[in-house]
Amino acid sequence: MRAELFATQAIVLGLCFWLESIAPFFMDRTPKERLAHGARNLTISGINGLVLAALFSGMVASASEWGSLHRFGLLNRFELPGRLNMFTGFLLFDLWMYLWHRANHRLSPLWRFHRVHHSDTLMDTTSAVRFHLGELAISTILRLAVIPLLGISLKNLMLYEIVLGPVILFHHSNIALPEIWDRRMRLLVVSPNMHRVHHSDIPDETNSNYSSIFSFWDKLLGTYRKRETLTIRYGLKEFTGLGWQSIPGMLINPFVRP
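### A few points about the overall build of the chain
- For the chain, the helix and strand inventory stands at twelve helices and zero strands.
- Helices (α) and strands (β) of the chain occur, in sequence order from the N terminus, as α-α-α-α-α-α-α-α-α-α-α-α.
- Taking 18 Å as the expected radius of gyration for a compact globule of 258 residues, we find that the chain reaches 18 Å, a close match to that expectation.
- Seen along its three principal axes, the alpha-carbon backbone of the chain occupies a region of about 55 × 40 × 35 Å.
- Buried residues in the chain amount to 47% of all 258 residues.
- The long-range fraction of contacts in the chain, counting pairs at least 24 apart against all pairs at least 6 apart in sequence, stands at 73%.
- Looking at the chain as shown, the accessible area adds up to about 12,900 Å², and 69% of this sits on carbon and sulfur atoms.

### A short note on the side chain of His132
- Counting through the fold element by element, His132 comes out in the loop between helix H5 (108-118) and helix H6 (133-150).
- In terms of polar contacts, His132 uses its side chain to reach the backbone carbonyl oxygen of Leu251, at 2.9 Å.
- Discounting chain neighbours no more than four positions away, the residues touching His132 are Asn48, Phe113, Val116, Met250, Leu251, Pro254 and Phe255.

### Re the packing of helix H4 (residues 82-106) against H5
- Between H4 and H5, the shortest axis-to-axis distance is 6 Å and the interhelical angle comes to 100°. One finds that H4 runs roughly perpendicular with respect to H5. Here Trp100, His101, Ala103, Asn104, His105 and Arg106 of H4 lie close against H5, whose contacting residues are Ser108, Leu110, Trp111, His114 and His118.
- Grouping the amino acids of the contact of H4 with H5 by side-chain chemistry returns four nonpolar, six polar and one charged.

### Examining the packing of aromatic side chains
- One pass over the structure, following the stated rule, counts twelve aromatic pairs.
- Measuring from ring centre to ring centre gives 5.9 Å for Phe90 and Phe214, while their planes differ by 65°; the resulting arrangement is edge-to-face. Pair noted here: Phe90 is in helix H4 and Phe214 is in the loop between helix H10 (203-206) and helix H11 (216-220), with a separation of 124 residues, a long-range link. Side by side, Phe90 and Phe214 carry an identical accessibility label, which is buried.
- Through pairs of rings, three or more aromatic residues link up here, namely Phe90, Phe93, Tyr160, Phe214, Phe216 and Trp217.
- In this structure, Arg196 is placed above the aromatic ring of Phe25, and the distance from its NZ or CZ to the ring centre is 3.9 Å.
- Above the face of the Tyr224 ring, Lys219 is positioned so that its terminal group lies 5.2 Å from the ring centre.

### Things to note about the packing of H4 against helix H7 (residues 154-171)
- The interhelical angle for the contact between H4 and H7, taken along N-to-C directions, is 60°, at an axis separation of 9 Å. When the interaxial angle is binned, H4 and H7 end up oblique. In the crossing of H4 with H7, the sense of the turn from one axis to the other is right-handed. Listed contacts from H7 to Asn85, Met86, Gly89, Phe90, Phe93, Asp94 and Met97 of H4 are Lys155, Asn156, Leu157, Leu159, Tyr160, Val163 and Leu164.
- Looking at the contact of H4 with H7 residue by residue, the classes come out as nine nonpolar, three polar and two charged.

### Details of the environment of Phe170
- Structurally, the position occupied by Phe170 is in helix H7.
- A relative accessible area of 21% means that Phe170 is categorised as partly exposed.
- Apart from the residues within four sequence positions on either side, Phe170 is in contact with Cys16, Ile175, Leu177, Met185 and Pro192.

Cut-off values and rules
- Per chain, residue numbering runs from 1 following the sequence as it is written.
- Only residues with pLDDT of at least 70 get local features here, since the model is predicted, and only at 80 or more are side-chain atom pairs given and counted; chain-wide, interface and lining totals rely on the full set of residues.
- Water and hydrogen atoms play no part in the side-chain values, which are based on all heavy atoms of the structure.
- Helix and strand definitions here come from DSSP, where helices need a minimum of 4 consecutive H or I residues and strands a minimum of 2 consecutive E residues; each element is numbered from the N-terminal end.
- Using C-alpha atoms as the atom set, the radius of gyration is obtained and then compared with a globule rule of 2.2 Å times the number of residues to the power 0.38.
- Relative accessibility decides the category of a residue: with a 1.4 Å probe and only protein chains considered, values under 20% of the type maximum give buried, values over 50% give exposed, and everything between is partly exposed.
- Throughout, a residue-residue contact means that at least one pair of heavy atoms, one from each residue, lies within 4.5 Å.
- Methods summary: accessible areas were calculated by the Shrake-Rupley approach with a probe of 1.4 Å, and residue burial reflects only the protein chains presented.
- Throughout this description, a polar contact denotes any pair of N or O atoms lying within 3.5 Å of each other; where both atoms belong to protein, one of them has to be capable of donating a hydrogen while the other can accept it, and for residues adjacent in sequence the pair is counted only when both atoms sit in side chains.
- Here the axes come from fitting lines to C-alpha atoms, over the contacting stretch only for helices, and the angles between their N-to-C directions go from 0 to 180 degrees.
- Here the angle decides the label: under 35 degrees means roughly parallel, over 145 means roughly antiparallel, 65 to 115 means roughly perpendicular, and every other value means oblique.
- Classification used: nonpolar for Ala, Val, Leu, Ile, Met, Phe, Trp, Tyr, Cys and Pro, charged for Asp, Glu, Lys and Arg, polar for all others including Gly.
- Pairing of aromatic side chains requires ring centres within 6.5 Å, counting the rings of Phe and Tyr and the six-membered ring of Trp. Pairs whose planes differ by under 30 degrees are stacked, by over 60 edge-to-face, and all others tilted.
- Consider the ring centre and the ring normal. A charge sits over the ring if Lys NZ or Arg CZ is within 6 Å of that centre and within 35 degrees of that normal.
- We call a crossing left-handed when the near helix sits turned anticlockwise from the far one by less than a right angle, and right-handed when that turn is clockwise.

Read these as geometric descriptors, not functional statements.
Have a look at this one:
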């Protein structure tokens with residue numbers, strides 16, 4: 001299943017990267033800049049993947065299987081029909097992702113790692129995989145508790161990951177989606193224009209639009225923000241230097257004062 005997940009994400013990433021070249025939202029990037037930017041983000045993602053596989057291989061699946069075996073967790077306390085159980089688990093895990101994302105912005109120790117993602121000044125589809133290893137390690141450790149507490153099955157978790165990957169790759173992309181399509185999309189799921197606001201260098205906008213898949217969490221919990229996105233400047237004002245966009249810069253970012 002992991003192989004299918006990786007293949008799906010690789011195909012979607014390649015497709016989005018190609019669409020960015022023929023229908024870009026921001027047109028101020030040369031092919032050389034795009035390739036260099038993408039190479040850096042994919043390299044840091046590759047390093048993260050190798051380390052996480054070495055440290056946590058099979059542990060998340062084991063946590064899910066343990067919960068199912070012992071009938072532990074919220075969903076295992078209710079006898080919901082199969083599809084309703086899957087949908088409820090999907091919804092609950094997406095709510096967890098919203099809360100985790102919001103915590104990364106509100107808690108200083110978590111923000112130090114998460115700001116590596118936000119310091120990207122040329123956001124495109126490869127920005128969706130630009131994270132610091134520290135953030136991903138903490139997230140994985142917390143999942144070892146959250147998954148059995150919610151009672152989410154391994155099948156349900158894999159379904160969520162299969163949907164999440166393409167959605168976040170697309171809403172980080174630099175594809176010029178017609179506004180009417182974007183508006184219809186964000187009625188249910190996070191759209192590119194909605195997520196562009198989240199990557200603005202204005203703090204009040206950075207601290208908004210936290211949703212991962214379903215857009216309604218922000219609307220229900222008071223963190224939704226909308227604005228004209230053609231004038232957005234990406235990144236964090238204290239990390240605009242080219243050194244912070246390099247791989248060494250991304251790695252040391254959480255451990256320095258801006």
